[in-house]
Amino acid sequence: MSETVWNGPRLDVSFRHRIGGLALEIEFSLTSPWTILFAPSGAGKSTVLRVIAGLERPDWGRIVSGGSDVLLDSDVGIDVPTWQRKVRLVAQQAPLLPHWNVARNVFYGLKPLDMMAVKGSDSSTYRTRLVREVLALCRVTEMESKMPSELSGGERQRVALAQCLAAEEGRALLLDEPFNALDAGLRSALMADLKGWPIAHQTPVLHVTHDVGEVFASGAEVIRMEDGRIVAQGPASEVLGEERARLMRLLKG
Ligand SMILES: Nc1ncnc2c1ncn2[C@@H]1O[C@H](COP(=O)(O)OP(=O)(O)OP(=O)(O)O)[C@@H](O)[C@H]1O
């Protein structure tokens, strides 16, 4: 995914934050269409996404999209609220609306104005097609009439992803372990299908995982986090070469 040249908006992230016993001192830039943030469980990956989305206010921070679009700057008191940041977050426990079926939940990802347009104006066909496209892309078409309570964890994650993909274009798409409930085959197929999405929508993707196999399968740029800091950024072969060698040794027994 990282081999593609990225001409879309970059995202510069810098913050300090103490959460429980963990002290985060984070600084990185998204300069590729698809970037993976890799760290072990409990290292603070979800917290990084929550800070970018505006769901958690860091002790100090500066987050800038496209070089000049300031989302957070503690020094001058700028803290754009979550709903205005246009940063989409697919959380691990995706909050689907329980009384609406899958298709309706995905429509909910569209702007309120768009939801009204669905009811019969000229844009209706376009909106309906858009929802069908994202359901197909996320491989949940056959579940469009199901209620959220009837979905498995992996299906739920994919519906939440479809909801974010259908939404108006944003400054970033943040994915919190989006494929952890999927088998390896479906995960690879989905990653391959989604590869072109950031370029087509001019929206960088930041994808969090602790799974080395997922990182190598993605081919994405990798940011590695350790002890609350970013320690490396680059291709997986450079950033996670050691982990891959260790994994290979384990597999060989
Ligand atoms: N509200 C909170 N109050 C205190 N500590 C918290 C809070 N939320 C998270 N933590 C702690 O902060 C640390 C980082 O949590 P976070 O969810 O960001 O990690 P993570 O790398 O995403 O973990 P995982 O891979 O298991 O999802 C963890 O040790 C967690 O227990």
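An unreviewed UniProt entry lists the protein chain under the name Molybdate transport system ATP-binding protein, from Granulicella pectinivorans.

A.B. asks: Which residues make up the overall build of the protein chain, and what values go with them?
C.D. replies: Along the protein chain, the regular secondary structure elements total eleven helices and eleven strands. By principal-axis analysis of the C-alpha atoms, the protein chain measures approximately 55 × 55 × 35 Å. Expressed as a percentage of the 253 residues in the protein chain, the buried residues total 49%. Counted over contacts in the protein chain with a minimum sequence separation of 6, partners at least 24 positions apart contribute 68%. Averaging the locations of the 29 positively and 31 negatively charged side chains of the protein chain gives two centres separated by 2 Å.

A.B. asks: Break down the site of the ligand for me, citing the residues and quoting the values.
C.D. replies: With respect to spatial proximity, 14 residues lie near the ligand, and among them Gly-42, Gly-44, Lys-45, Ser-46 and Thr-47 are the closest. The contact in question runs from an oxygen atom of the ligand to an N or O atom on the side chain of Lys-45, over 2.8 Å. In the environment of the ligand, an oxygen atom lies 3.1 Å from a nitrogen or oxygen atom belonging to the side chain of Glu-177. A total of 640 Å² of accessible area belongs to the ligand in isolation, and the protein chains cover 55% of it. Residue contributions to the shell around the ligand peak at three residues, all from helix H1 (residues 45-53). Along the lines of polarity and charge, the residues of the shell around the ligand split into four nonpolar, eight polar and two charged.

A.B. asks: Pulling in residues and values, what's your account of the packing of aromatic side chains?
C.D. replies: Going through the model one piece at a time under the given rule, you end up with zero aromatic pairs. Its guanidinium or amino end placed over the ring of Trp-100, Arg-104 lies 4.1 Å from that ring's centre, counting from NZ or CZ.

A.B. asks: So what about the pattern of salt bridges? Which residues, and what values?
C.D. replies: With the rule as written, the count across this model stands at twelve salt bridges. A salt bridge links Asp-69 to Arg-171; the shortest N-O distance between them is 2.5 Å. Of this pair, Asp-69 sits in strand S5 (residues 69-73) while Arg-171 sits in the loop between helix H6 (153-166) and strand S8 (172-176), and the two are 102 residues apart along the sequence. Note that Asp-211 is salt-bridged to Arg-187, the shortest N-O span being 3.0 Å. Taken as a pair, Asp-211 in the loop between strand S9 (205-209) and helix H9 (212-218) and Arg-187 in helix H7 (residues 184-194) lie far apart in primary sequence, 24 residues in all. Each member of the salt-bridge network shares a partner with another, and the members are Arg-57, Asp-79 and Arg-85.

A.B. asks: Give me unusual backbone geometry: which residues, what numbers.
C.D. replies: Phi is positive for Glu-177, which is not a glycine, with a value near 45°. Here Glu-177 is to be found in the loop between S8 and H7. The phi dihedral of Gln-202 is positive, around 50°, even though this residue is not glycine. Relative accessible area serves as the criterion here: at 34%, Gln-202 is assigned to the partly exposed category.

A.B. asks: Lay out the domain arrangement of the protein chain with the relevant residues and their values.
C.D. replies: By the assigned domains, the protein chain splits into domain 1 (1-86 + 172-253) and domain 2 (96-168). Buried surface at the junction of domain 1 and domain 2, summed over both partners, amounts to about 1,100 Å²; 69% is from carbon and sulfur atoms. Across the domain 1-domain 2 interface, the total number found is one salt bridge. For Arg-139, the salt bridge identified is with Asp-193, shortest N-O distance 2.6 Å.

A.B. asks: Got a sec to walk through a nonpolar patch on the surface? Specific residues and values, please.
C.D. replies: Residues Leu-247, Met-248, Leu-250 and Leu-251 make up a contiguous nonpolar surface patch of about 430 Å² in total accessible area. If you trace the backbone, Met-248 turns up in helix H11 (residues 241-252). A relative accessible area of 42% places Met-248 in the partly exposed class.

A.B. asks: How would you explain H7 if you had to name every residue and give the values?
C.D. replies: Every buried residue of H7 is listed here: Arg-187, Leu-190, Met-191 and Leu-194. Along the axis of H7, the buried residues cluster in a sector spanning 100°; they form a single face.

A.B. asks: Mind laying out H11, listing which residues take part and the relevant values?
C.D. replies: If you check H11, its first and last C-alpha atoms are 17 Å apart, about what twelve residues at 1.5 Å a residue would give, namely 16 Å. Just beyond H11, the residue with positive phi is Gly-253, at close to 80°.

Basis of the calculations
- Residues numbered from 1 in each chain as written.
- Predicted model: local features only at pLDDT ≥ 70, side-chain atom pairs only at ≥ 80, totals over all residues.
- Heavy atoms only, no water.
- Helix = DSSP H or I, 4+ residues; strand = E, 2+ residues; numbered from the N terminus.
- Buried < 20%, exposed > 50% of the residue type's maximum accessible area, 1.4 Å probe, protein only.
- Contact = heavy atoms within 4.5 Å.
- Lys, Arg positive; Asp, Glu negative; His and termini not counted.
- Charge placed at Lys NZ, Arg CZ, Asp CG, Glu CD.
- Near = heavy atom within 4 Å.
- Polar contact = N/O pair within 3.5 Å; in protein donor to acceptor, adjacent residues only side chain to side chain.
- Areas by Shrake-Rupley, 256 points an atom, 1.4 Å probe, with all protein chains shown as cover.
- Nonpolar A, V, L, I, M, F, W, Y, C, P; charged D, E, K, R; others polar.
- Phe/Tyr/Trp six-rings, centres within 6.5 Å; stacked < 30°, edge-to-face > 60°.
- Lys NZ or Arg CZ within 6 Å of the ring centre and 35° of its normal.
- Salt bridge = Lys/Arg side-chain N within 4 Å of Asp/Glu carboxyl O.
- Domains from an automatic or database assignment.
- Buried area = accessible area lost by both parts, 1.4 Å probe.
- Patch = residues over 30% accessible without salt bridge, like charges linked within 9 Å, V, L, I, M, F, W, Y side chains within 5 Å.
- Arc of directions from axis to C-beta.
- Expected span 1.5 Å × (residues − 1).

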